[in-house]
Amino acid sequence: MSEQPTGTATSSSLPLTAKEQKRVQFLKRIKIDSIIFLVLVIAALIGVAMTNSTKAQAYLYWWILIGVEAVIVTAWAVWLSRQQLLKKPSNLVLYEQLVLWGAALGAVFIVYRIMILGQIDFNAAGLLMLLVLALVTFIDGALVSWKLFVVSLIFIITLLFASYVEKFLWTIIILALLIAGATIGVSYWRSRKDDSET
């Protein structure tokens, strides 16, 4: 009589191997990273549209976006740290983020005060806020994820086009979508490459 293995299970109920668990975790991280990246890119594109149409509202939008991006990136950085993907303790990551974004909000407040004093107009204040946002996002690229370098690049391109070209919306949207697509493609390619090496 042939022996039947006890407790046979279908392939769907078998426990995952360590390699499969690592892959599932990695794919979860890639999804979260990509969603956060796309949210930031879409927020930037909304800002581009507002800068293109109404300067006064664009100034307010960039002000709000700095606060929203601070919360999103800080939460993302702490999550990455807790998943042990940043190789830094989460309290250090939180401290770095609070200092960085606190400085950004301080710079934005100074721009606002200069505007209130009449030294610059709404348009110049909006561009300066976008410059602060681009710089802080770039620095966060070194601290959190290389994808923030790409978001910063989109902010910088937006700033340059807004400074020189009156009607630039479609150019920025097409360029940003191409950059976002390339970034997600590189991220996927890197995940496949890392997976094949393990």
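Here the structure is a predicted model, which is why all the values come from computation and not from measurement.

Draft legend 1. Expanded view of unusual backbone geometry. Phi is positive for Lys87, which is not a glycine, with a value near 60°. Among the structural elements, Lys87 can be located in the loop between α2 (55–82) and α3 (90–116). A relative accessible area of 76% places Lys87 in the exposed class.

Draft legend 2. Expanded view of helix α4 (residues 122–143). Under the 1.5 Å per step criterion, the end-to-end length of α4 is 31 Å for 22 residues, consistent within 8% with the ideal 32 Å. For α4, the set of buried residues is Ala125, Gly126, Leu127, Met129, Leu130, Val132, Leu133, Ala134, Val136, Thr137, Asp140 and Gly141. Where α4 begins, one side-chain oxygen reaches toward the backbone nitrogen of Ala124, 2.8 Å away; that side chain belongs to Asp121.

Draft legend 3. How the structure looks around the packing of α3 against α4. The contact between α3 and α4 brings their axes to 10 Å, and the two run at 170°. Viewed along their axes, α3 and α4 adopt a mutual orientation that is roughly antiparallel. For the pair formed by α3 and α4, the contact residues are Glu96, Gln97, Leu100, Trp101, Ala104, Ala107, Val108, Val111 and Met115 on the first element and Phe122, Ala125, Leu128, Met129, Val132, Leu133, Val136, Thr137, Ile139, Asp140 and Leu143 on the second. Along the lines of polarity and charge, the residues of the contact of α3 with α4 split into 16 nonpolar, two polar and two charged.

Draft legend 4. Layout of the nonpolar core. Formed by 47 residues in total, the largest nonpolar core has its most connected members in Val41, Trp62, Leu65, Trp101, Leu133, Val144 and Phe155. Of all elements in the fold, only α1 (18–53), α2, α3, α4, α5 (147–164) and α6 (169–197) reach the threshold of two or more residues within this core. By residue number, the principal contributor to this core is α2, which donates twelve residues.

Draft legend 5. How the structure looks around α3. Compared with the 39 Å implied by 1.5 Å per residue over 27 residues, the 38 Å span of α3 between its first and last C-alpha is a close match. Within α3, burial applies to Val93, Glu96, Gln97, Leu100, Trp101, Ala104, Val108, Val111 and Met115. Where α3 terminates, the next one or two residues include Gly118, which has phi positive at roughly 85°.

Draft legend 6. Broad picture of the pattern of salt bridges. Inspection of every chain in the model, using the stated rule, returns one salt bridge. Between Glu96 and Lys88 there is a salt bridge whose closest N-O contact spans 2.8 Å. Of the residues examined, Lys88 reaches a relative accessible area of 21% and is grouped as partly exposed.

Rules used in this analysis
Residues numbered from 1 in each chain as written. Predicted model: local features only at pLDDT ≥ 70, side-chain atom pairs only at ≥ 80, totals over all residues. Heavy atoms only, no water. Helix = DSSP H or I, 4+ residues; strand = E, 2+ residues; numbered from the N terminus. Buried < 20%, exposed > 50% of the residue type's maximum accessible area, 1.4 Å probe, protein only. Expected span 1.5 Å × (residues − 1). Polar contact = N/O pair within 3.5 Å; in protein donor to acceptor, adjacent residues only side chain to side chain. Axes fitted to C-alpha atoms, helices over the stretch in contact; angles between N-to-C directions. Parallel < 35°, antiparallel > 145°, perpendicular 65-115°, else oblique. Contact = heavy atoms within 4.5 Å. Nonpolar A, V, L, I, M, F, W, Y, C, P; charged D, E, K, R; others polar. Core = buried A, V, L, I, M, F, W, Y, C linked by side-chain atoms within 4.5 Å. Salt bridge = Lys/Arg side-chain N within 4 Å of Asp/Glu carboxyl O.

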